[in-house]
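# Architecture and fold: a report
What follows is the residue order along each chain.
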Amino acid sequence: MQTSQRTDQQRAAERRRKELLEAADRVVLRDGPEASMNAIAAEAGITKPILYRHFGDKNGLYRALAKRHTDALLVSLRTALDSADARRDRVEATLDAYLTAIEARPQVYRFLMHPTEQESGDTEKGFDAGRQSAPLLRRLGEELARIIAERLDLGPGGDELARVWGHGIVGMMHAAGDWWLGERPCSREQLVRHLADLLWGRLAAAADMPGGPGL
């Protein structure tokens, strides 16, 4: 009986946490990097102490939101990589999946990647996203490196090379996407082709891993 009660309590806590994250998402979509704990608590219909009880502090909530959106982005990237298209097409589809995600929800992207300027005396205004975005990018880099290592035969030192490529590609996507989102110097389709051209050298020549799903 006690085990069943604990399971029910855990499920209820998970449902409540999901509801709070959805409320936080709505505020972030509206306010971007200026989203505050006060606004999120109001959106969820609770007091700020209850919000703290679930996430610890504002950076705890940031990390939960970052994981939520990074998980969704990784699903999109893997879907693009798992298609039956030619390798070049899959590379372009993967780049496009990333750029589409940040274009579709620019306020979420800015919240996750850009620190907000704190107003003097207002410690609850915004989130210190600048301190948190580096781990998010590292996670994306490691995940992409794992996919590359699984799918491409890179020869001796392949694991090291896969990590270099994984983090390098993520860094390129982030820097180019950030610049593009702010200035819009070309269409998304053009940017995808330009970035794919930059990547295509040795990536085009690498053989698929024997018995693997290929890239």
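Keep in mind that what you see is a predicted model, and the values were worked out from it rather than measured. (Residues numbered from 1 in each chain as written. Predicted model: local features only at pLDDT ≥ 70, side-chain atom pairs only at ≥ 80, totals over all residues. Heavy atoms only, no water.)

Moving on: the layout of surface pockets. A volume near 310 Å³ is recorded for the largest pocket. His69, Leu73, Ala101, Val108 and Leu112 are the residues nearest the centre of the largest pocket, which is lined by 16 residues in total. Broken down by secondary-structure element, the contributors of at least two residues to the lining of the largest pocket are α4 (58–81), α5 (87–104), α6 (106–113) and α7 (133–151). Among the elements that make up the lining of the largest pocket, the one with the highest residue count is α4 (6 residues). The class makeup of the residues in the lining of the largest pocket is 11 nonpolar, 3 polar and 2 charged. (1 Å grid on protein atoms, 1.4 Å probe; cavity = no way out; pocket = protein on both sides within 12 Å on 5 of 7 lines; lining within 4 Å. Points joined across faces, edges and corners; volume = space filled by probe spheres on them. Helix = DSSP H or I, 4+ residues; strand = E, 2+ residues; numbered from the N terminus. Nonpolar A, V, L, I, M, F, W, Y, C, P; charged D, E, K, R; others polar.)

Moving on to the packing of aromatic side chains. Applying the stated rule across the entire model yields 1 aromatic pair. Here Tyr62 and Phe111 contribute two aromatic rings whose centre-to-centre distance is 5.6 Å and whose plane-to-plane angle is 45°, an arrangement assigned as tilted. With Tyr62 in helix α4 and Phe111 in helix α6, this residue pair connects regions lying 49 residues apart in the sequence. Neither residue differs from the other here; Tyr62 and Phe111 are each classed as buried. One cation-aromatic arrangement involves Arg88 over Trp200; the distance from NZ or CZ to the ring centre is 5.6 Å. One Lys or Arg, Arg184, reaches over the ring of Trp180 and ends 4.5 Å from the middle of that ring. (Phe/Tyr/Trp six-rings, centres within 6.5 Å; stacked < 30°, edge-to-face > 60°. Buried < 20%, exposed > 50% of the residue type's maximum accessible area, 1.4 Å probe, protein only. Lys NZ or Arg CZ within 6 Å of the ring centre and 35° of its normal.)

Okay, empty space enclosed by the protein next. A full pass over the atoms with the stated rule returns 2 cavities of 30 Å³ or more. Put simply, the largest cavity is a space of about 130 Å³. Only α5, α7, α8 (158–183) and α9 (188–205) provide two or more residues apiece to the lining of the largest cavity. Tallying contributions element by element places α5 first for the lining of the largest cavity, with 3 residues.

With 18 residues, α5 should cover 26 Å at 1.5 Å per step; its first-to-last C-alpha distance of 25 Å lies within 8% of that length. Taken together, the buried positions of α5 are Arg87, Arg88, Arg90, Val91, Thr94, Leu95, Ala97, Tyr98, Leu99 and Ile102. On the buried face of α5, the contacting elements are α4, α6, β1 (152–153), α8, α9 and β2 (207–208). (Expected span 1.5 Å × (residues − 1). Contact = heavy atoms within 4.5 Å.)

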